[in-house]
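Okay, here's what each chain looks like letter by letter:
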Amino acid sequence: MLTSKSIWTRLSLTLVLLLMAFSSTANVHSALAQGQPAVGVVCTEGPTFSLEAQSGYIQMPDMNTMYMWSFASTGGSFQHPGPVLCVDQGDTVTVTLTNSITVQSGTTYLGSPIRTSVIFPGQENVQADGALAQPDLANNSLTNSVGPGGSITYSFVASKPGTFIYESGTNPKMQVPMGLFGALIVRPSMGANYVYNRADSQFTPEEDFMALLSEIDPYQHQAVEMNKAFNMNNYRARYWMINGRGFPDSIADNFAPWLPTQPYGALARIHPFDVSAHPYPGVERFINVGTEEYPFHPHANNGLTIGRDGNPLEGPGGQDLSYEKFSFNIGPGQTWDSIFKWYDAEGYNETTNPVPVAPPDLVNLTLGMFFSGSPYLGKMETLPPGKSTLNQCGEYYIISHNHALFQLDAFGQTMSGPITYLRVDPPQPNNCP
Ligand SMILES: [Cu+2]
């Protein structure tokens, strides 16, 4: 039997636990997530940035945890991948890097102090502490690196718009797979709702998406964490990621509370094309920081490739050289900008223009977790007994995934890795949350 005293003890204990849970969640996420969108690119606004190379852990789809190196905002909590740096064309970009990487033995790895740096592929005349940054060709590295506890400041003028990578320039063959990379978006002088300085690159600002593709060899990460040698000739990726997550975490919102160090989701959420209500496409910025080609393919929906590696696809006279793609073969180190839209080509309507094919008997159907119960956009119908759905308002979900199927894997657990969805909401106004 519970005495009143024990009830109060229990209640107050519960309250304390609740408050603790609440405040720790708030601490981790509120500063990061405030005013940020649930889907799409989360910009860290420039042009002055302070990055800290840190070590920490991320959560894998097979419930493994992974020791990582990654860039974070200085003084901020560990995150992977690094912040998406957003600047305007013509900005003088300044990035101050602090090195706080540690392994189990502290700030040395195999007896040497851990050094790191940042390179900005595609940017010209990058300065390091005021002098032109220099390559260290003997070590395939950047000369201008920083040791434990130190800092260094890089600067450059973002002269070209587009999607770029920033990553470690110190032993990059080893440090980039450890996680030291992120995206840099340079907005064109035509405006933030253009990808390039071309009228035909205009997009819907709420439909700006990123697919940052990467990979992990867990044996490399374990060896580095434990201060043990790892021969990179034995490197073999066993996890593949999109925006630092594997499926199904990849379709969770930005800042999903159960992924405190993996803030970026990969769901693309759009509205149907409409010549007056929704006239502009969305943009997907594909980025590959891995070692292999990633043939990424949005199902049933071609994209229009409009830029590669920060170069608009145009001829010398500005001719439009963009091309449709069904599978985007993103090579290592490449970025591809693709604009896409979904439009209601057939105009199916339950009463005025029904789908002309009778659906099979329910017993012969396999229903996915996201099916609304109806083929008509915006309609929800009762599902058969025992079936539940995550569908919210009759929206469509179209899978989008890496078509190197062996990469849809998390250390042997299949149907994970770089998979996400294109979510098409019914035209506005709708009942979608
Ligand atoms: Cu497919």
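Structural data are supplied above this passage.
So, here is what we can say about the structure in this document. (Residues numbered from 1 in each chain as written. Predicted model: local features only at pLDDT ≥ 70, side-chain atom pairs only at ≥ 80, totals over all residues. Heavy atoms only, no water.)

Regarding the nonpolar core
Formed by 48 residues in total, the largest nonpolar core has its most connected members in Trp-69, Leu-97 and Tyr-154. For Leu-97, the contacting residues outside a window of four places in its chain are Leu-51, Ala-53, Phe-71, Thr-116, Ser-117, Val-118, Val-146, Gly-150, Ser-151, Ile-152 and Tyr-154. Core analysis: the second largest hydrophobic core is formed by 17 residues, Trp-342, Phe-370, Leu-408 and Ile-419 among them. (Core = buried A, V, L, I, M, F, W, Y, C linked by side-chain atoms within 4.5 Å. Buried < 20%, exposed > 50% of the residue type's maximum accessible area, 1.4 Å probe, protein only. Contact = heavy atoms within 4.5 Å.)

What about unusual backbone geometry?
The amide bond that connects Phe-247 to the next residue, Pro-248, takes the cis arrangement and shows omega of 5°. Inspection of the secondary structure assignment puts Pro-248 in the loop between β16 (239–242) and β17 (268–270). Between Gln-428 and Pro-429 the backbone carries a cis peptide bond, its omega angle lying at 0°. On the secondary structure map, Pro-429 appears in the segment after β28 (419–424). (Helix = DSSP H or I, 4+ residues; strand = E, 2+ residues; numbered from the N terminus.)

Comments concerning the state of the cysteines
Covalent bonding between the sulfur atoms of two cysteines defines a disulfide. With the rule as written, the count across this model stands at two disulfides. Through a disulfide, Cys-43 is tied to Cys-86; the S-S separation comes to 1.9 Å. Between Cys-43 and Cys-86, the S-S torsion sits near -75°, and that sign places the bridge as left-handed. With Cys-43 in strand β1 (residues 43–45) and Cys-86 in strand β4 (residues 84–88), this residue pair connects regions lying 43 residues apart in the sequence. (Disulfide = S-S within 2.5 Å.)

With respect to the environment of Tyr-323
Following the sequence through the fold, Tyr-323 ends up in strand β22 (residues 323–325). Accessibility expressed as a relative area gives 30% for Tyr-323, which makes it partly exposed. On a C-alpha basis, the gap between Tyr-323 and Gly-303 in space is 8.3 Å, while along the polypeptide they are 20 residues apart. Side-chain polar atoms of Tyr-323 contact the side chain of Arg-308, separated by 3.2 Å. (Polar contact = N/O pair within 3.5 Å; in protein donor to acceptor, adjacent residues only side chain to side chain.)

None of this, on its own, says anything about what the molecule does.
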